[in-house]
Amino acid sequence: MFPSRGDAHTRAEELFAGRYAVDGALPWGGLVTHYRASAEGTPLILCVLPMDVTRSLRAEAAFSKLAHRLGAIHSRAVPHVLDAGVIDGVPYLAFQDTRGTLLSDLLGGRPLSSLDVLRLATDVLNGLDSAHAEGLVHGDLTPQNIIVTRDRDGRLGARIVGMGVLPLLRDNPEASAHAAHTCSGKHAVSYMAPELFGGGVFEPASDLYAVGALLHHMTTGAPPIVLESDDGFEDL
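Numbering of residues begins from 1 in every chain and follows the order in which that chain's sequence is written. Totals for whole chains, interfaces and linings use every residue, but because this is a predicted model, local features are given only for residues with pLDDT of at least 70 and side-chain atom pairs only at 80 or more, for both listing and counting. Remark: hydrogens and water are excluded; side-chain values derive from all non-hydrogen atoms of the structure.

## Considerations on helix H1 (residues 57-71)
Here's step 1: If you check H1, its first and last C-alpha atoms are 21 Å apart, about what 15 residues at 1.5 Å a residue would give, namely 21 Å.
Here's step 2: Looking at H1, one finds that the buried residues are Ala59, Phe63, Leu66, Ala67 and Leu70. Taken down its axis, H1 places every buried residue within 95 degrees of arc, on the same side. Of the exposed residues in H1, those oriented more than 90 degrees away from the buried face are Leu57 and His68. The helix count covers DSSP runs of H or I at least four residues long, the strand count covers runs of E at least two residues long, and both are numbered beginning at the N terminus. Multiplying 1.5 Å by the helix residue count minus one yields the expected span of that helix. Per-residue accessibility, obtained with a 1.4 Å probe over protein chains only, is compared with the maximum for each type, and a residue is labelled buried under 20%, exposed over 50%, and partly exposed between these values. This arc describes the spread of directions from the helix axis toward the C-beta atoms.

Structure follows, in structure tokens:
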């Protein structure tokens, strides 16, 4: 079940999960679907996962653990979880409202200034540090999963979405047809740690590899070119 568009006069039976009026889909991520929505007039973000947890009690328990750990993260770089649940077997998360531009759109084939790179990288690393402390690995850190905000003074900041989703899908293939997907967005493979191509385990180190790829993209204007060779993967 995926939400349909709502408005101020949406009837209760037309609300997603009985309480969320949906304003429209967002072009964020790739493995999950994000919607701008509201509950009793309060704006928020809905994240709907491509899973059917009725197929697996293990998957349902894993989603519950993910939601709990996300709720324990206290970092401005990771939107706060307001609610989590399952409707018709489909798990969803409701996050605090986030406004900004996808990093993939901001880059547009050109590098960012050194100061902007430092600010965005600092936010991303702080968010990952908080997530790793709660036992979470993002696993899908690409420009498609980073929202760039701008404060009143024009300073850029980063908000990370999609935290922990890819590891959840990969670990529960019986509940998701998307379990074999790699990452989100164009050139997604460029941000994926080499060990993951062989079915390796998602670890904090794989997120740090992705940060290195992001730094390359932000400072040069292009993602790393990853080639498979007899010696492994080379960044040309």
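Okay, back to it.
## Here we look at the packing of aromatic side chains
Here's step 1: Aromatic rings from Phe, Tyr and Trp, with only the six-membered ring used for Trp, were paired whenever their centres fell within 6.5 Å, and each pair was classed as stacked if the ring planes differed by under 30 degrees, edge-to-face if by over 60, and tilted otherwise. Taken as a whole and assessed by the stated rule, the structure comprises two aromatic pairs.
Here's step 2: Centroid distance Phe16 to Tyr92: 5.2 Å. Interplanar angle 75 degrees. Geometry classified as edge-to-face. In this pair, Phe16 is assigned in the segment before strand E1 (21-26) and Tyr92 in strand E5 (residues 90-96), connecting sequence segments 76 residues apart.
Here's step 3: Taken together, a centroid distance of 6.1 Å and an interplanar angle of 75 degrees make the contact between Tyr20 and Tyr92 edge-to-face. Of this pair, Tyr20 sits in the segment before E1 while Tyr92 sits in strand E5, and the two are 72 residues apart along the sequence. Taken as a pair, Tyr20 and Tyr92 share a single burial class, namely buried.
Here's step 4: Cluster of aromatic residues (ring-pair linked, three or more members): Phe16, Tyr20 and Tyr92.

Scope: geometric values only; no functional claims are made or implied.
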